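A look at the structure
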Amino acid sequence: MPKALLFGTGSLGTCYAWVLANALGENNVTTVCRSNYDEASRNGFTIHSKLWGDNIKFKPRVTRSVEDAVQQSASDDQPFFDYVVIAAKALPTSPSTAELIGPAVASDKTAIVLIQNGIGIEDEYAAKYPDNPVLSTVAYFPATQVSPGVVQHKEVELLHVGTYPASAPQSHKQAAREFVDLIGKGRATAKLHEDVQRERWIKLLVNGSWNPVCALTRLRDRGFMDANASLHLGGEDQYGRGDGLQFIREVMLEIAAVAQAYGYGDVNEGMVDYQIKRAAVRDLPGVQPSMLTDAFEGRSMEVDAIVGNAVRLARTKGIAVPMLKTIYLLANGLSESFARKRASN
């Protein structure tokens, strides 16, 4: 039976640990936990899901570190992990996440699965583990850890999966197919793509605009639109949301221009307007993106993965993204202020 290691067992990681436990059995799934370790090691995890049911309890193996996970599995009939699933936030750390998972990665055997936001996040894994399949994914999965080891999940769940790079060898493509099948066996939904980067750019239209803007303003998306609806800056739109929504549209168009420069021509104005229309009809109180939650909690934000990398990719192609660059500098400064405050305490 295959074995999986979950690195990052917050809201998303907990839910996919449950999915994999359904497919593989609890004893073949190991989780690496930090703040929720004590609760998870004693009582396991609990999921309250509008899709799968309430009060779902499960108890995989729980460890504090990758080294502990490897040590636990050493006496198993199969000592290596078939999958190392990274569901931690895509933050720059020292040592890096790619380095931290090293003890659990068996050369040419372990598939590395990235369930993380952003663009341009895969290179360090592909470079460090050239013989291993790197599976890049895009998750649509609204879930929140409401207390240590306890997660609330709404009704949406979908995981887009593909190899990195898209030109990966057939053995890596087969690993992607097998992982998609595994997710289905675990009662969740996964879709296989020949090139999953298109899905990353599509999600980045929303993440790269709303996430940092909401964090910088401390407003949910609807609150930002309402606050900037009548500034008379020439940003009137067909939905009557005014300057705030027009600003978001212009940021999305910059992201779309970068996506098109990298060959994803259908990530275009039409796709931007589809996202703008969805935002325009948002009910109160609106959506609270992950960066806004991090800002409220004074935590480091995924600024580089979600915004900074897009700015750097734009520069490589000679695409001007002045609004996105400004947002990146401001959001990076905000995230750094949180880091400095924590260091001084």
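Residues numbered from 1 in each chain as written. Predicted model: local features only at pLDDT ≥ 70, side-chain atom pairs only at ≥ 80, totals over all residues. Heavy atoms only, no water.

1. Quick notes on empty space enclosed by the protein
For clarity, the cut-off: The method works on a 1 Å grid over the protein atoms by themselves. A cavity is a set of points holding a 1.4 Å probe that cannot get out, a pocket is an open set with protein on both sides within 12 Å along at least five of seven lines, and residues with an atom within 4 Å of a point line them. Grid points are joined across faces, edges and corners, and a volume is the space filled by probe spheres set on the points. Numbering goes from the N terminus for both helices and strands, where a helix is a DSSP run of H or I of at least four residues and a strand is a run of E of at least two. Asp, Glu, Lys and Arg are counted as charged, while Ala, Val, Leu, Ile, Met, Phe, Trp, Tyr, Cys and Pro are counted as nonpolar; the rest, among them Gly, fall into the polar class.
Counted under the stated rule, the structure contains 1 cavity of 30 Å³ or more. By volume, the largest cavity amounts to about 60 Å³. Lining of the largest cavity is provided by Gln 116, Asn 117, Gly 118, Val 138, Ala 139, Arg 200, Lys 203, Leu 204 and Asn 207. Mapped onto the lining of the largest cavity, the elements with two or more residues apiece are β8 (134-140) and α7 (197-217). The element best represented in the lining of the largest cavity is α7, accounting for 4 residues. Here the residues of the lining of the largest cavity sort into 3 nonpolar, 4 polar and 2 charged.

2. Details of helix α3 (residues 66-73)
Let me state the cut-off plainly: Throughout, exposure labels follow a simple rule: accessible area from a 1.4 Å probe, protein chains only, divided by the maximum for the residue type, with under 20% read as buried, over 50% as exposed, and the rest as partly exposed. In this context, the arc is that of the directions from the helix axis out to the C-beta atoms. Note on contacts: a residue pair qualifies if any of its non-hydrogen atoms lie within 4.5 Å across the two residues.
Along α3, the residues classified as buried are Val 66, Ala 69 and Ser 73. One side of α3 carries all its buried residues, which in axial view fall inside an arc of 60°. Buried positions along α3 lie against β1 (4-7), β2 (29-32), β5 (61-63) and α4 (97-100).

3. Re the nonpolar core
Cut-off, in case you're wondering: Nonpolar core, defined: a set of buried Ala, Val, Leu, Ile, Met, Phe, Trp, Tyr and Cys residues in which side-chain atoms within 4.5 Å join the residues together.
Judged by nonpolar contacts, the single largest core of 44 residues is most densely connected at Trp 201, Leu 205, Trp 210, Val 267, Met 301 and Leu 324. Counting residues per element, the ones that place at least two in this core are α7, α8 (221-227), α9 (243-261), α10 (269-280), α11 (290-297), α12 (303-317) and α13 (322-344). When sequence neighbours within four positions are dropped, the list of residues in contact with Leu 324 reads Gly 208, Val 251, Glu 254, Ile 255, Val 307, Ala 310 and Val 311.

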